[in-house]
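Chains, contacts and geometry: an overview
This is what each chain is made of:
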Amino acid sequence: MNTANLKRIAPRARTAFITAIKARAAEFGITAKGHAEPVVSGEVLQVAGFTHPASSASALKRLRQRLANDGYETLIEQIAYTWFNRFCAIRFMELKTEESYLEHGVRLLSHPSQPQGFEVLDRAPEVIDSLIGEGVSLDKPALLDLLLAGNEQEALFRELLLGQCHRLHQAMPFLFEAIDDETELLLPTGLIRTDAFWRELVDEIPEPDWQQVEVIGWLYQFYISEKKDQVIGKVVKSADIPAATQLFTPNWIVQYLVQNSVGRHWLQTYPESILKSSMPYYIEPGEQTPEVVAQLAELTLTSIEPESIHVLDPACGSGHILVEAYNLLYRIYEERGYRSREIPELILSNNLFGLDIDDRAAQLAGFALLMRARQDDRRLFSRGVMMNIHALKESRHLNIPKLWQALNLNADTNHGQIQDLFAQAPEALASNDPRQTLLADLHHSFLDAKTLGSLIDVPAEQASAIDDLYSTLLELNDQGDAMQKLAAKELLPLLAQARLLAKRYDAVVANPPYMGSKGMNADLKEFAKKQFPNSKSDLFAIFIERNLDLTNQSGLVAMITMQSWMFLSSYEALRTRILNQHTILSMAHLGARGFDSIGGEVVSTTAFVLGNFHLSRYQGAYLRLVDGNSETEKAAMFKAAIA
């Protein structure tokens, strides 16, 4: 894969998408100066000199509400990013024609034999028939009229593209919203022009590069690279933390982290497993004293059910680590004799968990993981699998007393009105129900979720109660009355993210955000000082401590971080904690030039695996790779050392 080419294209695509979205927003009266008032007359909506169908009024209202909440630049950035993700997702899937990732097997954004042509327009009738179904409402006669008109290809293409997005909503609701979502309003015009805003994704990226799901991660990193350049060296606002801290991890390092955490967890119990033969970066534990062997035996499970293995990436970015963990878990299930068609859904439902503060990153992580699983199960999209990957949401907008009243879990007669669901609730609604107390606690914990992310502590003691309430809300969201459904929908994201932070994991694997205290905003700096005094100097070091807290008693933490915690005096307390309370199982000291995409001496790193247990005499494996001048050289040195 030519990452240099992707690095060139992605920032240009970002500019093109933002420019096109701004132009489209202006057609709905939304500009940097504010918004114009629309006028609805019959079946027509008029605003800022443009005419639209009156049916767009409700979506425009939601768009204007987002404008009021987020501001113009943030709104445009979010919607541009969402459409960028969707075009990338469709491009990836349309090239999987032999496996039929798109049910009709027809390309939407290209043509197999006509440069800059559209196969979907040539085969429109069969695509229409394929898309029509549950959750998708297409007016087939009207679309066929557009086809026959001969000069309505733009309108036909737009309707087919949106129809495909609606169809994909069933399998990927995290990336493709339901029908009439407000992001549809800002899908730009000129979609089939040769200079359309999305064309470079097709024209400039060779088709073979789209065959690897890692292309999504690389495009994500390079898409936000300009924003990263703008904020580096400054105090970073919460909204800019993702751009300032994201870095795509080289594949061989991801394999080292996963194989020596998830793989080690399995091999400790099953040392004769054939899994070892498919783990080129696994480090065989060295010879230990009888005392250490006995201590390890006490920590080792006598048996492991594959469904019970829980793996978390608390800063999952575009999902690279989760995809590699999927690969290893699939082999574990195979070894245990599970049927191939059962394994993908079991892994997605039971084993893999991911969190990120960036909504778009979480979208791509979910997409990348789903695409990997789809390789092993052709019917996966139709199964409606619920994955455990979430973008952390802030809780400021939640009125817990009023939502509690609407849930009506105790069958109170005073059930309120739909129209005042989010109004201020009277104090009289307070109750002694521990579930309401739990909601209030979680509301307080996640007020600054976009700043603190996975560093938010949800006590493990609350895990059972959170799971129970989450199950109740899922049931109400499906079968409750109108009030209960609205309230459950509002509260489910809060419970979903709390569930993940209350769990304890067999393996926590991460390339955490890197940000020194000078770049932290006031809220983050104060939080770090108060909650993580041993590691407050940088986010990556804080995440070392946090990840150890997220593992179970015999769990493993695998990370790649800056190397500075190994020797700077400011991290002495962190080193003391690790040496006195945990165990370094292995470490690959990479030094500089471990990331080809950033080059030079910019980032000096170390990769390591820690046990959340203390074995004072354990003999770990330490590899010095600082002399390697590239990812490839360091990977070769690693393999030579463990051989």
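Residues numbered from 1 in each chain as written. Predicted model: local features only at pLDDT ≥ 70, side-chain atom pairs only at ≥ 80, totals over all residues. Heavy atoms only, no water.

1. Quick look at helix 21 (residues 463-479)
Because each turn of an α-helix spans 3.6 residues, side chains separated by three or four positions end up pointing in the same direction. Keep this limit in mind: Under the scheme used here, helices are H or I runs from DSSP no shorter than 4 residues and strands are E runs no shorter than 2 residues, and both carry numbers assigned from the N terminus. A helix's residues, less one, multiplied by 1.5 Å, set its expected span. Remark: exposure states derive from per-residue accessible area (1.4 Å probe, protein chains only) relative to the maximum for the residue type, with buried under 20%, exposed over 50%, and partly exposed in between. Here, the arc refers to the directions that run from the helix axis to the C-beta atoms. In this analysis, two residues are considered to be in contact whenever any of their non-hydrogen atoms come within 4.5 Å of each other.
Taking 1.5 Å of rise per residue, the 17 residues of helix 21 would be expected to cover 24 Å, and the 24 Å separating its terminal C-alpha atoms lies within 8% of that figure. Those residues of helix 21 that sit buried are A463, I466, L469, Y470, L473 and L476. Projected down its long axis, helix 21 shows its buried positions confined to an angular sector of 145 degrees, all on one face. Exposed side chains of helix 21 directed beyond 90 degrees from the buried face belong to D468, D478 and Q479. For helix 21, the elements touching its buried residues are helix 18 (400-407), helix 19 (434-445) and helix 22 (482-502).

2. A short note on the sheet that holds strand 13 (residues 621-624)
Operational definition: Note: two strands are recorded as paired if DSSP finds a minimum of 2 bridges between them. Note on geometry: axes are C-alpha line fits, over the in-contact stretch for helices, and angles between N-to-C directions span 0 to 180 degrees.
Read from one edge of the open sheet, eight strands run 8-7-6-9-10-12-11-13, paired in mixed fashion. The open sheet terminates on both sides in strands that have one partner only, identified here as strand 8 (388-391) and strand 13. If you compare each strand with its neighbour and ignore which way they point, the axes differ by 10 degrees on average. Sheet topology places strand 7 (residues 352-356) next to strand 8; four bridges connect them, and they run parallel. What sits directly across from L355, in strand 8, is H390. Contacting strand 9 (505-510), strand 10 (551-562), strand 11 (583-591) and strand 12 (605-611), helix 12 (residues 251-259) runs over the sheet at an angle of about 15 degrees to strand 12.

3. Comments concerning the confidence of the model for the protein chain
For residues with low pLDDT, the predicted coordinates do not support detailed interpretation. To be explicit about the condition: A residue's pLDDT is simply how confident the predictor is in it, with values from 0 to 100.
Across the protein chain, the average pLDDT comes to 89, with 91% of residues at or above 70. Mean pLDDT across the elements of the protein chain ranges from a minimum in helix 11 (residues 241-245), with 49, to a maximum in strand 6 (residues 311-313), with 98. A low-confidence stretch, residues 424-429 stays under pLDDT 50, and its non-local contacts, those more than four residues away or across chains, total nine contacts.

4. Some details on the packing of helix 3 (residues 72-94) against helix 17 (residues 359-374)
Helix-helix packing is characterised by the crossing angle of the two axes and by the distance between the axes. Just so we agree on the cut-off: We call two directions roughly parallel when the angle between them is under 35 degrees, roughly antiparallel when it is over 145, roughly perpendicular when it lies between 65 and 115, and oblique otherwise. Each residue receives one of three labels: charged for Asp, Glu, Lys and Arg, nonpolar for Ala, Val, Leu, Ile, Met, Phe, Trp, Tyr, Cys and Pro, and polar for the others, Gly being one of them.
Where helix 3 meets helix 17, the closest approach of the two axes is 10 Å, and the angle between their N-to-C directions is 10 degrees. One way to sum up the angle between helix 3 and helix 17 is to call them roughly parallel. Touching Q78, Y81, T82, N85, A89, F92 and M93 of helix 3 are R360, Q363, L364, F367 and M371, all from helix 17. The class makeup of the residues in the contact of helix 3 with helix 17 is seven nonpolar, four polar and one charged.

5. A short note on the sheet that holds strand 4 (residues 44-47)
An order of 3-4-5 is seen for the three strands of this open sheet, with the pairing classed as antiparallel. Taken across any chain shown, the strands that pair with only one partner, and hence form the sheet edges, are strand 3 (39-41) and strand 5 (50-53). Looking at each pair of strands side by side, their axes are set apart by 30 degrees on average, direction ignored.

6. Re the domain arrangement of the protein chain
Under the convention used in this document: Where each domain begins and ends follows an automated or database-derived domain assignment. The term buried area denotes the loss of accessible surface (1.4 Å probe radius) that occurs when two parts are joined, taken as the sum for both partners. For this document, the term salt bridge refers to a Lys or Arg side-chain nitrogen within 4 Å of an Asp or Glu carboxyl oxygen. Two N or O atoms form a polar contact when they lie within 3.5 Å of each other; inside protein one atom must be a possible hydrogen donor and the other a possible acceptor, and for residues adjacent in sequence the pair counts only when both atoms belong to side chains.
What the domain assignment reports for the protein chain is domain 1 (3-211), domain 2 (231-391 + 504-642) and domain 3 (400-409 + 433-501). A separation of 36 Å is found between the C-alpha centroids of domain 1 and domain 2. At the interface, 16 residues of domain 1 touch 14 residues of domain 2. Carbon and sulfur atoms supply 61% of the area buried between domain 1 and domain 2, which totals about 1500 Å² over both sides. Taken together, the connections running from domain 1 to domain 2 amount to zero salt bridges. Across the domain 1-domain 2 interface, the total number found is two residue pairs in polar contact (both at pLDDT 80 or more). The dominant element in the side of domain 1 that touches domain 2, judged by the number of residues it contributes, is helix 3, at seven residues. Across the side of domain 1 that touches domain 2, the residue classes tally to nine nonpolar, four polar and three charged.

7. Concerning helix 22
Over its 21 residues, helix 22 extends 30 Å from the first C-alpha to the last, a length consistent with the 30 Å expected when each residue adds 1.5 Å. Where helix 22 begins, the capping side chain belongs to D481, and its oxygen is found 3.1 Å from the backbone nitrogen of M483.

8. A look at the pairing of strand 11
Burial runs high along strand 11: nine of the nine residues are buried. Judged from the seven bridges that link them, strand 11 and strand 12 form a sheet pairing that is antiparallel. Of the residues in strand 12, the one forming a bridge with T583 is G611.

9. A short note on the pattern of salt bridges
Enumeration over the complete set of coordinates arrives at 32 salt bridges. A salt bridge links K22 to E73, with the shortest nitrogen-to-oxygen separation between them at 3.7 Å. In this pair, K22 is assigned in helix 1 (residues 3-26) and E73 in helix 3, connecting sequence segments 51 residues apart. A relative accessible area of 29% means that K22 is categorised as partly exposed. You can call E73 partly exposed: its relative accessible area is 48%. A salt bridge links D457 to R546; its shortest N-O distance comes to 4.0 Å. Separated by 89 residues along the polypeptide, D457 in the loop between helix 20 (449-452) and helix 21 and R546 in helix 24 (residues 539-550) bring together distant segments of the chain. The exposure class assigned to R546 is buried, which follows from its relative accessible area of 2%. Each of the salt bridges in this network shares a partner with another, and the network as a whole consists of R91, E94, R107 and E207.

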